[in-house]
Amino acid sequence: MSGVWHAPGRVNLIGEHTDYNDGLVLPFALPQGITVAAARRADGVLDLESGGRHARVPLAGLVPGAVTGWAAYVAGVAGALLEAGHPVGGATLRFTSDLPAGSGLSSSAALECATAVALNDLYGLGLTAKELVPVAQRAENAYAGVPTGVLDQSASLLCEEGHALLLDVRSGLSSQIPLELGDYRVLVIDTHARHSLGDGQYAARRASCEEAARKLGVPSLRDVRNLAEALTRLKDPVLRRRVKHVVTENHRVEATVGLLRAGAVAEVGALLTASHLSLRDDYQVSWPEADAAVAVAANAGARGGRMVGGGFGGSVIVLAHRDALPAVREAVTARFTTTGWHPPTYLEATAAPGAHRLS
Ligand code: GLA
């Protein structure tokens, strides 16, 4: 039994650092992602290769911490399936990617989700895409040791072509929101500043949110019903900022969905920029190249833009009329070059399908 499977990267249109606060996210899948050619093996071993790197992982004795580096994301999926009692065995897995690692477009989730759909089919496990989400997330959290929320794996597994995925993390309910851009385009700008979610800042933000929720006496920041009152009750100025971002970001997701449903896509730009400013000033996870790209793009005629992903590096998205794109790109590249930064790279994002079998 063998075949080829693909899992996409994602951009999150809006709803950043809300997932681990039981909040709302609105990602869509990219055409770019990770493809895996996979075959069953009878020897109980995962034989992995990606970009010239090899790894051999026996499934016997596979526990969190047993595998490190890139192979942990893959082995972790098999480990999480076995933990949940699913009879998965050995496999040869050959990965190719057209998604730059560290660009904030969820290459690690794509790696997990490609593995998950491949093993699910190879071993006839019969799990739905929705059931694979916690498997892929456990691989990332427990086996790769990165304490992310559920945004990236949900996007890679559940998104549908032409749609953004509105996911309410608290209820687990999701709906497909048609992403009809008309004459507008979502431009992804890879700033080439590289991030690592393992560097402690991400975990520190999560811890601050948990501390704030505790101080406010609510299970999570999703339960803050009166922002002004919550802000007066919190004495720590840093916690106040974090709460302000999370609560207002959930509102921005709802407002964005309302505008998309009304066909008012151009107006979404202002919400993207508001999200960016909140991430920059209140959540404090932006980085200089992202701030410059958002500001310069707006000056050059974009309707708005924001950093995507965890922060401290990676990509920015910009919403612009297609006629404004050349000027936006030219102005952003000029700014990066004159500042002495690595020139940015661009891709025009379209909403692609979630993880699936290719052949
Ligand atoms: C990373 C994590 C996600 C999410 C975002 C911020 O991409 O993997 O779970 O928390 O950061 O929105």
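Residues numbered from 1 in each chain as written. Predicted model: local features only at pLDDT ≥ 70, side-chain atom pairs only at ≥ 80, totals over all residues. Heavy atoms only, no water.

Enquirer: If you had to explain the overall build of the chain to someone new, which residues and values would you point to?
Expert: Scanning the chain from N- to C-terminus turns up ten helices and twelve strands. Relative to the globule expectation of 21 Å for 359 residues, the C-alpha radius of gyration of the chain, 20 Å, shows essentially globular dimensions. When its C-alpha atoms are laid out on the principal axes, the chain stretches across 60 × 50 × 40 Å. For the chain, the proportion of its 359 residues judged to be buried stands at 57%. A sequence separation of at least 24 residues applies to 73% of the contacts in the chain between residues at least 6 apart. (Helix = DSSP H or I, 4+ residues; strand = E, 2+ residues; numbered from the N terminus. Rg over C-alpha atoms; globule rule 2.2 N^0.38 Å. Buried < 20%, exposed > 50% of the residue type's maximum accessible area, 1.4 Å probe, protein only. Contact = heavy atoms within 4.5 Å.)

Enquirer: Before we move on, can you summarise the domain arrangement of the chain with the specific residues and values?
Expert: According to the domain assignment, the chain consists of domain 1 (2-178) and domain 2 (184-349). The C-alpha centroid of domain 2 is placed 24 Å from the C-alpha centroid of domain 1. When the buried area of domain 1 at its contact with domain 2 is split by residue, I14, E16 and H17 rank highest and sum to 21% of it. One can count three salt bridges joining domain 1 with domain 2. Put simply, D168 and R222 hold a salt bridge, and the shortest N to O gap is 2.9 Å. Run the count over domain 1 and domain 2 and you get 22 residue pairs in polar contact (both at pLDDT 80 or more). Elements with a contribution of two residues or more to the side of domain 1 that touches domain 2: β1 (2-14), β2 (24-41), β6 (163-168) and β7 (174-178). With six residues, β2 is the single largest residue contributor to the side of domain 1 that touches domain 2. The residue makeup of the side of domain 1 that touches domain 2, split by class, is 17 nonpolar, 13 polar and six charged. (Domains from an automatic or database assignment. Buried area = accessible area lost by both parts, 1.4 Å probe. Salt bridge = Lys/Arg side-chain N within 4 Å of Asp/Glu carboxyl O. Polar contact = N/O pair within 3.5 Å; in protein donor to acceptor, adjacent residues only side chain to side chain. Nonpolar A, V, L, I, M, F, W, Y, C, P; charged D, E, K, R; others polar.)

Enquirer: With reference to specific residues and values, describe the site of the ligand.
Expert: Every one of the 13 residues lining the ligand counts as a neighbour, but E16, H17, D19, D152 and Y202 are closest to it. Between an oxygen atom of the ligand and a main-chain N or O atom of H17, the distance comes to 2.6 Å. Isolated, the ligand exposes 310 Å² of accessible area, and the fraction of that covered by the protein chains is 98%. For the shell around the ligand, the residue count by class is four nonpolar, five polar and four charged. For the shell around the ligand, the domains that each give at least three residues are domain 1 (2-178) and domain 2 (184-349). (Near = heavy atom within 4 Å. Areas by Shrake-Rupley, 256 points an atom, 1.4 Å probe, with all protein chains shown as cover.)

Enquirer: Summarise the sheet that holds strand β8 (residues 184-190); cite the residues concerned and give the values.
Expert: Reading across from one edge, β9-β10-β8-β11 is the order of the four strands in this open sheet, with antiparallel pairing throughout. Edge positions in the open sheet fall to β9 (304-307) and β11 (345-349), since each of these has one partner strand only. This sheet shows a mean twist of 25 degrees between the axes of neighbouring strands, independent of strand direction. Note that β8 and strand β10 (residues 315-321) share seven bridges and pair antiparallel. By the bridge assignment for β10, R185 is matched with A320. Contacts from helix α9 (residues 288-299) reach β8, β9 and β10 within the one sheet, and its direction differs from that of β10 by about 5 degrees. (Pairing = 2+ DSSP bridges. Axes fitted to C-alpha atoms, helices over the stretch in contact; angles between N-to-C directions.)

Enquirer: Could you give me a rundown of the state of the cysteines, with the residues and numbers involved?
Expert: Evaluated as defined, the whole model comprises zero disulfides. For C159, which is in no disulfide, the shortest distance to another cysteine sulfur is to C113 and amounts to 10 Å. Of the residues examined, C159 reaches a relative accessible area of 4% and is grouped as buried. (Disulfide = S-S within 2.5 Å.)

Enquirer: So what's going on with the packing of helix α5 (residues 201-216) against helix α7 (residues 237-261)? Residues and values would help.
Expert: Taken N-terminus to C-terminus, the directions of α5 and α7 make an angle of 95 degrees; their axes are 9 Å apart at the nearest point. The angle between α5 and α7 places the two elements in the roughly perpendicular class. Contacts between α5 and α7 involve R205, S208, C209, E211, A212 and K215 from the former and L239, R242, V243 and V246 from the latter. Looking at the contact of α5 with α7 residue by residue, the classes come out as five nonpolar, one polar and four charged. (Parallel < 35°, antiparallel > 145°, perpendicular 65-115°, else oblique.)

Enquirer: Explain the packing of α9 against helix α10 (residues 325-339) residue by residue, including any values.
Expert: Remark: α9 packs on α10, axes separated minimally by 9 Å, with the N-to-C direction vectors making an angle of 140 degrees. The angle between α9 and α10 falls in the class oblique. α9 and α10 meet at a crossing whose hand is right-handed. Residues E289, A292, A293, V296 and A297 of α9 lie in contact with α10, whose contacting residues are V328, A331, V332, R335 and F336. For the contact of α9 with α10, the class distribution of residues is eight nonpolar, no polar and two charged. (Left-handed = near helix turned anticlockwise from the far one by under 90°.)

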